[in-house]
Number of protein chains: 2
Amino acid sequence: MISKNQIKFVKSLQQKKQRDIHQCFVVESTKNVLEILQSDYELLHLYATEHWLSVYNIKYECTLNVVSEKEIQRISSLKSASEVLAVVKIPIEQNNIDLKDVNIVLDDIKDPGNLGTIIRVCDWFGVKNIYCSNQSVDVYNPKVIQSTMGSISRVEVVYTDIVDLIRNSSNEVKIYAAVMDGVDVNNIKVAENSLIVFGNESHGISQEILSLIKEKITIQKIGEAESLNVAVSSAIILNKFCV
Amino acid sequence: MISKNQIKFVKSLQQKKQRDIHQCFVVESTKNVLEILQSDYELLHLYATEHWLSVYNIKYECTLNVVSEKEIQRISSLKSASEVLAVVKIPIEQNNIDLKDVNIVLDDIKDPGNLGTIIRVCDWFGVKNIYCSNQSVDVYNPKVIQSTMGSISRVEVVYTDIVDLIRNSSNEVKIYAAVMDGVDVNNIKVAENSLIVFGNESHGISQEILSLIKEKITIQKIGEAESLNVAVSSAIILNKFCV
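Everything numeric in this text was worked out from a predicted model, so none of it was measured.

Asks: Would you mind showing me how to read the interface of chain A and chain B here?
Replies: Where interface size is given, it is often the accessible area lost as the parts come together that is meant. On the chain B side, the residues contacting the 32 residues of chain A number 32 residues. Both sides of the chain A and chain B interface together cover about 2,900 Å² of buried area, and 60% of this is carbon and sulfur. One can count two salt bridges joining chain A with chain B. A salt bridge links Lys31 of chain B to Glu226 of chain A; its shortest N-O distance comes to 2.8 Å. Linking chain A with chain B are 16 residue pairs in polar contact (both at pLDDT 80 or more), by the criterion used here. Where the side of chain A that touches chain B is concerned, the elements lending two or more residues are α6 (112–125), β8 (174–184) and α10 (230–242) of chain A. Top element by residues in the side of chain A that touches chain B is α6 of chain A. It accounts for six residues.

Structure (C-alpha coordinates):
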(Lines give C-alpha, C1' and ligand atoms only; values in the text may rest on other atoms or scores of the structure.)
Protein backbone atom coordinates (compact mmCIF):
# COMPACT_ATOMS: atom_id res chain seq x y z
CA MET A 1 0.00 0.00 0.00
CA ILE A 2 1.05 3.51 -0.69
CA SER A 3 -0.24 6.65 1.01
CA LYS A 4 -1.10 9.98 -0.57
CA ASN A 5 1.83 11.55 1.23
CA GLN A 6 4.22 8.96 -0.14
CA ILE A 7 2.97 9.58 -3.68
CA LYS A 8 3.37 13.32 -3.18
CA PHE A 9 6.86 12.92 -1.72
CA VAL A 10 8.25 10.57 -4.39
CA LYS A 11 6.78 12.63 -7.22
CA SER A 12 8.17 15.84 -5.72
CA LEU A 13 11.66 14.40 -6.16
CA GLN A 14 11.32 14.90 -9.91
CA GLN A 15 12.15 18.55 -9.14
CA LYS A 16 15.70 19.62 -8.33
CA LYS A 17 14.52 21.99 -5.60
CA GLN A 18 12.85 19.16 -3.70
CA ARG A 19 15.83 16.85 -4.20
CA ASP A 20 18.04 19.56 -2.70
CA ILE A 21 15.73 20.00 0.29
CA HIS A 22 15.32 16.29 1.03
CA GLN A 23 18.79 15.23 -0.18
CA CYS A 24 17.50 12.20 -2.01
CA PHE A 25 16.62 11.09 -5.54
CA VAL A 26 14.65 8.40 -7.35
CA VAL A 27 16.04 5.38 -9.18
CA GLU A 28 13.70 3.33 -11.38
CA SER A 29 13.77 0.04 -13.32
CA THR A 30 15.41 -3.26 -12.48
CA LYS A 31 18.87 -2.68 -13.96
CA ASN A 32 19.31 0.68 -12.23
CA VAL A 33 17.98 -0.46 -8.85
CA LEU A 34 20.07 -3.66 -8.82
CA GLU A 35 23.22 -1.64 -9.53
CA ILE A 36 22.37 0.82 -6.75
CA LEU A 37 21.79 -2.08 -4.33
CA GLN A 38 25.30 -3.34 -5.04
CA SER A 39 26.87 0.10 -4.60
CA ASP A 40 27.76 2.34 -1.66
CA TYR A 41 24.62 4.43 -2.13
CA GLU A 42 22.27 4.45 0.85
CA LEU A 43 18.75 3.29 0.02
CA LEU A 44 15.97 4.98 1.99
CA HIS A 45 12.81 3.44 0.57
CA LEU A 46 12.17 0.61 -1.83
CA TYR A 47 8.87 0.26 -3.70
CA ALA A 48 8.42 -3.04 -5.51
CA THR A 49 5.70 -5.40 -6.67
CA GLU A 50 5.35 -8.82 -5.08
CA HIS A 51 6.24 -10.33 -8.43
CA TRP A 52 9.50 -8.33 -8.68
CA LEU A 53 10.52 -9.31 -5.15
CA SER A 54 9.91 -12.98 -5.93
CA VAL A 55 12.08 -12.80 -9.06
CA TYR A 56 14.93 -10.76 -7.55
CA ASN A 57 15.84 -12.20 -4.21
CA ILE A 58 17.57 -9.04 -2.95
CA LYS A 59 18.98 -7.89 0.35
CA TYR A 60 18.10 -4.39 1.49
CA GLU A 61 18.40 -2.26 4.60
CA CYS A 62 15.61 0.24 4.13
CA THR A 63 11.84 0.49 4.39
CA LEU A 64 10.11 -1.76 1.88
CA ASN A 65 6.71 -1.00 0.39
CA VAL A 66 5.09 -3.84 -1.51
CA VAL A 67 2.95 -2.14 -4.11
CA SER A 68 0.76 -3.02 -7.05
CA GLU A 69 1.69 -2.13 -10.63
CA LYS A 70 -1.00 0.53 -10.57
CA GLU A 71 0.43 2.08 -7.43
CA ILE A 72 4.00 2.18 -8.75
CA GLN A 73 2.76 3.90 -11.92
CA ARG A 74 1.40 6.68 -9.70
CA ILE A 75 4.86 7.52 -8.31
CA SER A 76 6.86 6.84 -11.47
CA SER A 77 8.35 9.42 -13.82
CA LEU A 78 8.27 6.87 -16.66
CA LYS A 79 5.45 6.44 -19.19
CA SER A 80 5.44 2.73 -18.40
CA ALA A 81 6.71 2.25 -14.88
CA SER A 82 8.89 -0.73 -14.10
CA GLU A 83 8.07 -2.95 -11.11
CA VAL A 84 10.62 -1.35 -8.83
CA LEU A 85 11.51 2.15 -7.64
CA ALA A 86 14.01 3.24 -5.00
CA VAL A 87 14.47 6.48 -3.10
CA VAL A 88 18.20 6.93 -2.56
CA LYS A 89 20.20 9.32 -0.40
CA ILE A 90 22.33 11.85 -2.28
CA PRO A 91 25.89 11.15 -1.09
CA ILE A 92 27.90 13.95 0.48
CA GLU A 93 30.02 15.46 -2.27
CA GLN A 94 33.68 14.80 -1.63
CA ASN A 95 34.89 17.39 -4.13
CA ASN A 96 38.17 15.56 -4.41
CA ILE A 97 39.62 16.83 -7.64
CA ASP A 98 41.91 14.13 -8.97
CA LEU A 99 42.96 14.57 -12.57
CA LYS A 100 44.94 11.38 -13.04
CA ASP A 101 44.21 9.33 -16.17
CA VAL A 102 41.37 10.48 -18.42
CA ASN A 103 38.76 12.96 -17.14
CA ILE A 104 35.72 14.57 -18.71
CA VAL A 105 34.60 18.18 -18.31
CA LEU A 106 31.10 19.20 -19.39
CA ASP A 107 30.47 22.87 -20.08
CA ASP A 108 26.73 23.44 -19.56
CA ILE A 109 25.31 20.14 -20.81
CA LYS A 110 21.54 20.63 -20.64
CA ASP A 111 19.95 17.44 -21.99
CA PRO A 112 19.46 14.79 -19.28
CA GLY A 113 19.65 11.94 -21.80
CA ASN A 114 23.04 13.22 -22.96
CA LEU A 115 24.48 13.41 -19.44
CA GLY A 116 23.13 9.93 -18.63
CA THR A 117 24.59 8.46 -21.81
CA ILE A 118 27.96 10.16 -21.20
CA ILE A 119 28.05 8.60 -17.70
CA ARG A 120 27.35 5.18 -19.25
CA VAL A 121 30.04 5.74 -21.90
CA CYS A 122 32.54 6.79 -19.18
CA ASP A 123 31.72 3.63 -17.23
CA TRP A 124 32.36 1.52 -20.36
CA PHE A 125 35.75 3.11 -20.95
CA GLY A 126 36.78 3.18 -17.28
CA VAL A 127 36.64 6.96 -16.85
CA LYS A 128 35.93 7.64 -13.16
CA ASN A 129 35.36 11.41 -13.01
CA ILE A 130 33.11 13.87 -14.78
CA TYR A 131 33.36 17.56 -13.87
CA CYS A 132 30.25 19.56 -14.75
CA SER A 133 29.87 23.33 -14.81
CA ASN A 134 27.41 24.49 -12.17
CA GLN A 135 24.85 25.34 -14.87
CA SER A 136 24.77 21.79 -16.25
CA VAL A 137 21.71 19.55 -15.87
CA ASP A 138 21.42 17.91 -12.44
CA VAL A 139 22.82 14.38 -12.31
CA TYR A 140 19.94 13.27 -10.05
CA ASN A 141 17.33 14.30 -12.63
CA PRO A 142 15.24 11.12 -13.22
CA LYS A 143 15.96 11.13 -16.97
CA VAL A 144 19.71 11.27 -16.30
CA ILE A 145 19.49 8.36 -13.85
CA GLN A 146 17.36 6.37 -16.31
CA SER A 147 19.80 6.73 -19.19
CA THR A 148 22.89 5.84 -17.14
CA MET A 149 21.61 2.23 -17.10
CA GLY A 150 23.11 1.74 -13.66
CA SER A 151 26.49 3.33 -14.38
CA ILE A 152 25.74 6.17 -11.94
CA SER A 153 27.10 3.98 -9.14
CA ARG A 154 30.59 3.81 -10.70
CA VAL A 155 31.21 7.28 -12.14
CA GLU A 156 31.62 10.33 -9.92
CA VAL A 157 29.96 13.51 -11.17
CA VAL A 158 31.23 16.70 -9.53
CA TYR A 159 29.72 20.16 -10.05
CA THR A 160 32.34 22.87 -9.89
CA ASP A 161 33.64 26.09 -11.41
CA ILE A 162 35.24 24.53 -14.47
CA VAL A 163 37.14 27.70 -15.38
CA ASP A 164 38.96 27.45 -12.04
CA LEU A 165 39.41 23.71 -12.53
CA ILE A 166 41.15 24.26 -15.86
CA ARG A 167 43.18 27.27 -14.65
CA ASN A 168 44.41 25.44 -11.55
CA SER A 169 45.20 22.08 -13.15
CA SER A 170 48.86 21.06 -12.96
CA ASN A 171 51.22 20.93 -15.93
CA GLU A 172 51.04 17.18 -15.82
CA VAL A 173 47.49 17.29 -17.10
CA LYS A 174 46.90 18.00 -20.77
CA ILE A 175 43.66 19.75 -21.59
CA TYR A 176 41.73 19.08 -24.80
CA ALA A 177 38.68 20.82 -26.22
CA ALA A 178 36.30 18.85 -28.46
CA VAL A 179 35.44 21.34 -31.21
CA MET A 180 34.42 21.44 -34.89
CA ASP A 181 37.74 22.66 -36.32
CA GLY A 182 40.52 20.92 -34.42
CA VAL A 183 43.00 18.15 -35.20
CA ASP A 184 41.51 14.76 -36.18
CA VAL A 185 41.29 12.81 -32.91
CA ASN A 186 42.46 9.67 -34.75
CA ASN A 187 45.83 11.35 -35.39
CA ILE A 188 46.76 12.74 -31.97
CA LYS A 189 49.14 11.29 -29.43
CA VAL A 190 47.19 11.00 -26.22
CA ALA A 191 48.64 12.31 -22.94
CA GLU A 192 48.58 10.04 -19.89
CA ASN A 193 46.66 12.50 -17.72
CA SER A 194 44.05 14.38 -19.66
CA LEU A 195 40.99 16.55 -19.29
CA ILE A 196 38.63 16.51 -22.28
CA VAL A 197 36.13 19.38 -22.43
CA PHE A 198 32.78 19.01 -24.23
CA GLY A 199 30.43 21.93 -24.78
CA ASN A 200 26.75 22.74 -24.58
CA GLU A 201 24.43 21.07 -27.15
CA SER A 202 23.65 24.34 -28.95
CA HIS A 203 26.51 26.73 -28.24
CA GLY A 204 29.48 24.40 -27.80
CA ILE A 205 32.28 25.39 -25.39
CA SER A 206 32.20 28.95 -24.04
CA GLN A 207 34.73 31.45 -25.38
CA GLU A 208 36.23 31.94 -21.92
CA ILE A 209 37.07 28.27 -21.63
CA LEU A 210 38.16 27.87 -25.25
CA SER A 211 40.71 30.67 -24.77
CA LEU A 212 42.36 28.59 -22.02
CA ILE A 213 42.87 25.48 -24.15
CA LYS A 214 45.54 24.90 -26.79
CA GLU A 215 44.75 21.35 -27.87
CA LYS A 216 41.64 21.33 -30.03
CA ILE A 217 40.38 17.98 -31.27
CA THR A 218 37.70 17.01 -33.78
CA ILE A 219 35.94 13.96 -35.14
CA GLN A 220 36.56 14.03 -38.86
CA LYS A 221 33.45 14.62 -40.94
CA ILE A 222 33.06 12.73 -44.24
CA GLY A 223 29.39 13.44 -44.93
CA GLU A 224 27.15 16.43 -44.43
CA ALA A 225 25.50 16.32 -40.99
CA GLU A 226 25.94 19.67 -39.27
CA SER A 227 27.03 18.15 -35.98
CA LEU A 228 27.28 14.99 -33.91
CA ASN A 229 25.42 14.47 -30.65
CA VAL A 230 27.70 15.26 -27.68
CA ALA A 231 27.31 11.81 -26.07
CA VAL A 232 28.17 10.15 -29.37
CA SER A 233 31.22 12.44 -29.69
CA SER A 234 32.41 11.59 -26.19
CA ALA A 235 32.25 7.88 -27.04
CA ILE A 236 34.35 8.23 -30.21
CA ILE A 237 36.93 10.35 -28.38
CA LEU A 238 37.12 8.06 -25.32
CA ASN A 239 37.63 5.07 -27.62
CA LYS A 240 40.81 6.88 -28.69
CA PHE A 241 41.92 8.07 -25.23
CA CYS A 242 41.14 4.99 -23.14
CA VAL A 243 41.62 1.91 -25.31
CA MET B 1 -6.03 29.46 -38.90
CA ILE B 2 -6.27 25.75 -38.46
CA SER B 3 -9.39 23.60 -38.69
CA LYS B 4 -10.43 20.70 -36.49
CA ASN B 5 -9.97 18.35 -39.43
CA GLN B 6 -6.44 19.59 -39.99
CA ILE B 7 -5.57 19.05 -36.32
CA LYS B 8 -7.04 15.55 -36.48
CA PHE B 9 -5.19 14.73 -39.70
CA VAL B 10 -1.76 15.97 -38.63
CA LYS B 11 -2.03 14.30 -35.22
CA SER B 12 -3.15 11.03 -36.82
CA LEU B 13 0.20 10.90 -38.65
CA GLN B 14 1.87 10.10 -35.32
CA GLN B 15 0.60 6.55 -35.96
CA LYS B 16 2.28 4.30 -38.50
CA LYS B 17 -1.07 2.95 -39.73
CA GLN B 18 -2.23 6.45 -40.69
CA ARG B 19 1.13 7.30 -42.29
CA ASP B 20 0.80 4.15 -44.41
CA ILE B 21 -2.75 5.06 -45.46
CA HIS B 22 -1.97 8.69 -46.30
CA GLN B 23 1.63 8.13 -47.43
CA CYS B 24 2.91 11.16 -45.60
CA PHE B 25 4.74 12.04 -42.38
CA VAL B 26 5.40 15.04 -40.15
CA VAL B 27 8.62 17.01 -39.83
CA GLU B 28 9.00 19.50 -36.97
CA SER B 29 11.45 22.21 -35.89
CA THR B 30 13.47 24.66 -37.91
CA LYS B 31 16.58 22.58 -38.59
CA ASN B 32 14.58 19.57 -39.82
CA VAL B 33 12.16 21.59 -41.95
CA LEU B 34 14.90 23.67 -43.58
CA GLU B 35 16.79 20.50 -44.52
CA ILE B 36 13.62 18.97 -46.00
CA LEU B 37 12.98 22.15 -48.00
CA GLN B 38 16.42 21.81 -49.58
CA SER B 39 15.94 18.13 -50.39
CA ASP B 40 14.03 16.11 -52.99
CA TYR B 41 11.20 15.39 -50.55
CA GLU B 42 7.81 16.69 -51.65
CA LEU B 43 6.19 19.03 -49.13
CA LEU B 44 2.40 18.85 -48.93
CA HIS B 45 1.53 21.32 -46.17
CA LEU B 46 3.54 23.83 -44.22
CA TYR B 47 2.36 25.20 -40.87
CA ALA B 48 4.37 28.14 -39.57
CA THR B 49 4.00 31.20 -37.40
CA GLU B 50 4.20 34.66 -38.94
CA HIS B 51 7.35 35.24 -36.92
CA TRP B 52 9.03 32.12 -38.30
CA LEU B 53 8.16 33.06 -41.88
CA SER B 54 9.61 36.54 -41.36
CA VAL B 55 12.89 35.10 -40.03
CA TYR B 56 13.29 32.33 -42.62
CA ASN B 57 12.61 33.71 -46.03
CA ILE B 58 11.91 30.34 -47.62
CA LYS B 59 10.60 29.14 -50.96
CA TYR B 60 7.92 26.48 -50.94
CA GLU B 61 5.54 24.81 -53.37
CA CYS B 62 2.81 23.59 -51.08
CA THR B 63 -0.17 24.86 -49.12
CA LEU B 64 0.88 27.27 -46.38
CA ASN B 65 -1.01 27.74 -43.13
CA VAL B 66 0.01 30.71 -41.05
CA VAL B 67 -0.72 29.65 -37.50
CA SER B 68 -0.29 30.94 -33.96
CA GLU B 69 2.06 29.29 -31.47
CA LYS B 70 -0.95 27.94 -29.63
CA GLU B 71 -2.32 26.39 -32.81
CA ILE B 72 0.94 24.71 -33.74
CA GLN B 73 1.17 23.22 -30.25
CA ARG B 74 -2.15 21.51 -30.92
CA ILE B 75 -0.79 19.58 -33.92
CA SER B 76 2.72 19.00 -32.55
CA SER B 77 4.11 15.74 -31.15
CA LEU B 78 6.66 17.73 -29.14
CA LYS B 79 6.22 18.89 -25.55
CA SER B 80 7.26 22.37 -26.65
CA ALA B 81 6.36 22.77 -30.30
CA SER B 82 8.68 24.74 -32.57
CA GLU B 83 7.28 27.46 -34.81
CA VAL B 84 7.17 25.28 -37.91
CA LEU B 85 5.76 21.91 -38.93
CA ALA B 86 5.63 20.29 -42.35
CA VAL B 87 3.60 17.41 -43.73
CA VAL B 88 5.82 15.61 -46.23
CA LYS B 89 5.10 12.91 -48.84
CA ILE B 90 6.70 9.53 -48.18
CA PRO B 91 8.87 8.92 -51.26
CA ILE B 92 8.31 5.79 -53.32
CA GLU B 93 10.83 3.23 -52.09
CA GLN B 94 13.39 2.47 -54.78
CA ASN B 95 14.64 -0.70 -53.10
CA ASN B 96 17.90 -0.36 -54.95
CA ILE B 97 20.28 -2.52 -52.99
CA ASP B 98 23.75 -1.16 -53.56
CA LEU B 99 26.37 -2.44 -51.16
CA LYS B 100 29.34 -0.38 -52.32
CA ASP B 101 31.38 1.36 -49.62
CA VAL B 102 30.16 1.15 -46.02
CA ASN B 103 26.58 0.09 -45.26
CA ILE B 104 24.63 -0.38 -42.04
CA VAL B 105 22.16 -3.16 -41.28
CA LEU B 106 19.85 -2.86 -38.28
CA ASP B 107 18.32 -6.04 -36.89
CA ASP B 108 15.10 -5.00 -35.13
CA ILE B 109 16.08 -1.62 -33.72
CA LYS B 110 13.07 -0.55 -31.66
CA ASP B 111 13.94 2.81 -30.07
CA PRO B 112 13.10 5.76 -32.35
CA GLY B 113 15.81 7.95 -30.77
CA ASN B 114 18.39 5.30 -31.58
CA LEU B 115 17.37 5.02 -35.24
CA GLY B 116 17.32 8.82 -35.57
CA THR B 117 20.76 9.17 -34.01
CA ILE B 118 22.17 6.37 -36.21
CA ILE B 119 20.86 8.21 -39.30
CA ARG B 120 22.58 11.41 -38.09
CA VAL B 121 25.81 9.48 -37.39
CA CYS B 122 25.66 7.89 -40.88
CA ASP B 123 25.22 11.35 -42.40
CA TRP B 124 28.28 12.61 -40.49
CA PHE B 125 30.44 9.74 -41.74
CA GLY B 126 29.07 9.75 -45.30
CA VAL B 127 27.23 6.43 -45.07
CA LYS B 128 24.38 6.56 -47.59
CA ASN B 129 22.40 3.38 -46.90
CA ILE B 130 20.78 1.79 -43.87
CA TYR B 131 18.98 -1.54 -44.27
CA CYS B 132 16.45 -2.24 -41.53
CA SER B 133 14.73 -5.53 -40.78
CA ASN B 134 10.98 -5.27 -41.38
CA GLN B 135 10.33 -5.40 -37.62
CA SER B 136 12.47 -2.30 -36.91
CA VAL B 137 10.92 0.99 -35.78
CA ASP B 138 9.41 3.04 -38.62
CA VAL B 139 11.75 5.71 -39.99
CA TYR B 140 8.82 8.15 -40.32
CA ASN B 141 7.98 7.93 -36.61
CA PRO B 142 8.06 11.56 -35.36
CA LYS B 143 10.71 10.77 -32.72
CA VAL B 144 12.99 9.26 -35.37
CA ILE B 145 12.60 12.31 -37.61
CA GLN B 146 13.23 14.63 -34.65
CA SER B 147 16.49 12.99 -33.64
CA THR B 148 17.91 12.83 -37.19
CA MET B 149 18.40 16.64 -36.97
CA GLY B 150 17.71 16.94 -40.68
CA SER B 151 19.94 14.06 -41.81
CA ILE B 152 16.90 12.07 -43.00
CA SER B 153 17.15 13.91 -46.32
CA ARG B 154 20.62 12.47 -47.07
CA VAL B 155 20.53 8.88 -45.79
CA GLU B 156 18.35 6.24 -47.43
CA VAL B 157 16.61 3.84 -45.06
CA VAL B 158 15.34 0.65 -46.72
CA TYR B 159 13.16 -1.96 -44.97
CA THR B 160 13.90 -5.44 -46.24
CA ASP B 161 14.42 -9.08 -45.34
CA ILE B 162 17.94 -8.68 -43.95
CA VAL B 163 18.55 -12.46 -43.87
CA ASP B 164 18.08 -12.51 -47.66
CA LEU B 165 20.17 -9.34 -47.99
CA ILE B 166 23.09 -10.97 -46.20
CA ARG B 167 22.68 -14.35 -47.94
CA ASN B 168 22.54 -12.76 -51.40
CA SER B 169 25.36 -10.24 -50.98
CA SER B 170 28.30 -10.73 -53.35
CA ASN B 171 31.73 -11.93 -52.28
CA GLU B 172 33.04 -8.42 -52.78
CA VAL B 173 31.14 -7.28 -49.70
CA LYS B 174 32.52 -8.20 -46.28
CA ILE B 175 29.93 -8.60 -43.54
CA TYR B 176 30.64 -7.64 -39.93
CA ALA B 177 28.54 -8.21 -36.82
CA ALA B 178 28.87 -5.76 -33.90
CA VAL B 179 28.83 -8.05 -30.86
CA MET B 180 30.12 -8.21 -27.27
CA ASP B 181 32.85 -10.82 -27.82
CA GLY B 182 34.49 -10.10 -31.17
CA VAL B 183 37.81 -8.64 -32.30
CA ASP B 184 38.63 -5.10 -31.10
CA VAL B 185 37.39 -2.81 -33.89
CA ASN B 186 40.52 -0.67 -33.46
CA ASN B 187 42.65 -3.60 -34.64
CA ILE B 188 40.83 -4.79 -37.74
CA LYS B 189 41.68 -4.10 -41.36
CA VAL B 190 38.57 -2.63 -42.90
CA ALA B 191 37.25 -3.97 -46.24
CA GLU B 192 36.38 -1.50 -49.01
CA ASN B 193 32.79 -2.69 -49.32
CA SER B 194 31.25 -3.62 -46.03
CA LEU B 195 27.99 -4.34 -44.31
CA ILE B 196 27.99 -3.77 -40.55
CA VAL B 197 25.14 -5.40 -38.64
CA PHE B 198 23.87 -3.98 -35.33
CA GLY B 199 21.33 -5.79 -33.18
CA ASN B 200 18.24 -5.03 -31.12
CA GLU B 201 18.67 -2.94 -27.95
CA SER B 202 17.83 -5.85 -25.61
CA HIS B 203 18.56 -9.05 -27.51
CA GLY B 204 21.37 -8.05 -29.86
CA ILE B 205 21.65 -9.72 -33.28
CA SER B 206 19.40 -12.75 -33.88
CA GLN B 207 21.02 -16.21 -33.89
CA GLU B 208 19.94 -16.80 -37.49
CA ILE B 209 21.84 -13.74 -38.68
CA LEU B 210 24.84 -14.29 -36.39
CA SER B 211 25.28 -17.76 -37.87
CA LEU B 212 25.75 -16.18 -41.32
CA ILE B 213 28.56 -13.82 -40.26
CA LYS B 214 32.22 -14.70 -39.71
CA GLU B 215 33.66 -11.30 -38.85
CA LYS B 216 32.65 -10.35 -35.33
CA ILE B 217 33.76 -6.95 -34.03
CA THR B 218 33.64 -5.35 -30.59
CA ILE B 219 34.33 -2.04 -28.89
CA GLN B 220 36.87 -2.84 -26.21
CA LYS B 221 35.56 -2.40 -22.67
CA ILE B 222 37.89 -0.98 -20.03
CA GLY B 223 35.35 -0.27 -17.27
CA GLU B 224 32.26 -2.01 -16.03
CA ALA B 225 29.16 -0.83 -17.91
CA GLU B 226 27.18 -3.82 -19.12
CA SER B 227 26.72 -2.45 -22.60
CA LEU B 228 26.96 0.59 -24.85
CA ASN B 229 23.97 2.24 -26.51
CA VAL B 230 23.63 1.00 -30.12
CA ALA B 231 23.79 4.49 -31.65
CA VAL B 232 26.95 5.24 -29.66
CA SER B 233 28.43 1.93 -30.84
CA SER B 234 27.63 2.67 -34.47
CA ALA B 235 29.48 5.99 -34.18
CA ILE B 236 32.64 4.43 -32.74
CA ILE B 237 32.64 1.73 -35.42
CA LEU B 238 31.95 4.14 -38.31
CA ASN B 239 34.80 6.36 -37.12
CA LYS B 240 37.00 3.32 -37.82
CA PHE B 241 35.37 2.25 -41.09
CA CYS B 242 34.83 5.62 -42.76
CA VAL B 243 37.63 7.97 -41.68
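Resuming the write-up.
Asks: Mind showing me how you'd approach the domain arrangement of chain A here?
Replies: All names here are of chain A. Looking at chain A, the domain boundaries give domain 1 (4–89) and domain 2 (102–242). In this structure, domain 1 and domain 2 have C-alpha centres spaced 30 Å apart. In this complex, domain 1 contributes 16 residues to the contact, which on the side of domain 2 involves 12 residues. Summed over both partners, the interface of domain 1 with domain 2 buries about 1,200 Å², with 56% contributed by carbon and sulfur atoms. Per-residue buried area on domain 1 facing domain 2 is highest for Arg19, Asn32 and Glu35; these three make up 37% of the total on that side. For the pair domain 1 and domain 2, the interface holds two salt bridges. Our count for the domain 1 to domain 2 interface comes out at five residue pairs in polar contact (both at pLDDT 80 or more). Taken together, the elements giving at least two residues each to the side of domain 1 that touches domain 2 come down to α2 (16–22), β1 (24–28) and α3 (30–37). Residues that form the side of domain 1 that touches domain 2 fall into these classes: six nonpolar, five polar and five charged.

Asks: Explanation requested: helix α3 (residues 30–37) of chain B in the structure shown.
Replies: Structurally, the α-helix is built with 3.6 residues per turn, so residues lying three or four positions apart point the same way. All names here are of chain B. All buried positions along α3 are accounted for by Asn32, Val33, Glu35 and Ile36. Projected down its long axis, α3 shows its buried positions confined to an angular sector of 160°, all on one face. Buried residues in α3 make contact with β1 (24–28), β2 (43–48), α4 (50–55), β4 (84–89) and α7 (142–148).

Asks: For this particular structure, what's the right way to read the sheet that holds strand β3 (residues 63–66) of chain B?
Replies: Neighbouring strands of a sheet are bound in pairs by backbone hydrogen bonds; such pairs are parallel or else antiparallel. Residue and element names in this part refer to chain B. Taken together, the four strands give an open sheet; going across it, the order is β1-β4-β2-β3, and neighbouring strands pair in mixed fashion. At either margin of the open sheet sits one strand with a lone partner, and together these are β1 and β3. If you compare each strand with its neighbour and ignore which way they point, the axes differ by 15° on average. With five bridges joining them, β1 and β4 adopt antiparallel strand pairing. Pairing of Val26 across the sheet is with Val87, part of β4. Across the sheet, α3 touches β1, β2 and β4, and the angle it forms with β1 is around 125°.

Cut-offs used in this document
- Residues numbered from 1 in each chain as written.
- Chains lettered and ligands numbered in written order.
- Predicted model: local features only at pLDDT ≥ 70, side-chain atom pairs only at ≥ 80, totals over all residues.
- Heavy atoms only, no water.
- Contact = heavy atoms within 4.5 Å.
- Buried area = accessible area lost by both parts, 1.4 Å probe.
- Salt bridge = Lys/Arg side-chain N within 4 Å of Asp/Glu carboxyl O.
- Polar contact = N/O pair within 3.5 Å; in protein donor to acceptor, adjacent residues only side chain to side chain.
- Helix = DSSP H or I, 4+ residues; strand = E, 2+ residues; numbered from the N terminus.
- Domains from an automatic or database assignment.
- Nonpolar A, V, L, I, M, F, W, Y, C, P; charged D, E, K, R; others polar.
- Buried < 20%, exposed > 50% of the residue type's maximum accessible area, 1.4 Å probe, protein only.
- Arc of directions from axis to C-beta.
- Pairing = 2+ DSSP bridges.
- Axes fitted to C-alpha atoms, helices over the stretch in contact; angles between N-to-C directions.

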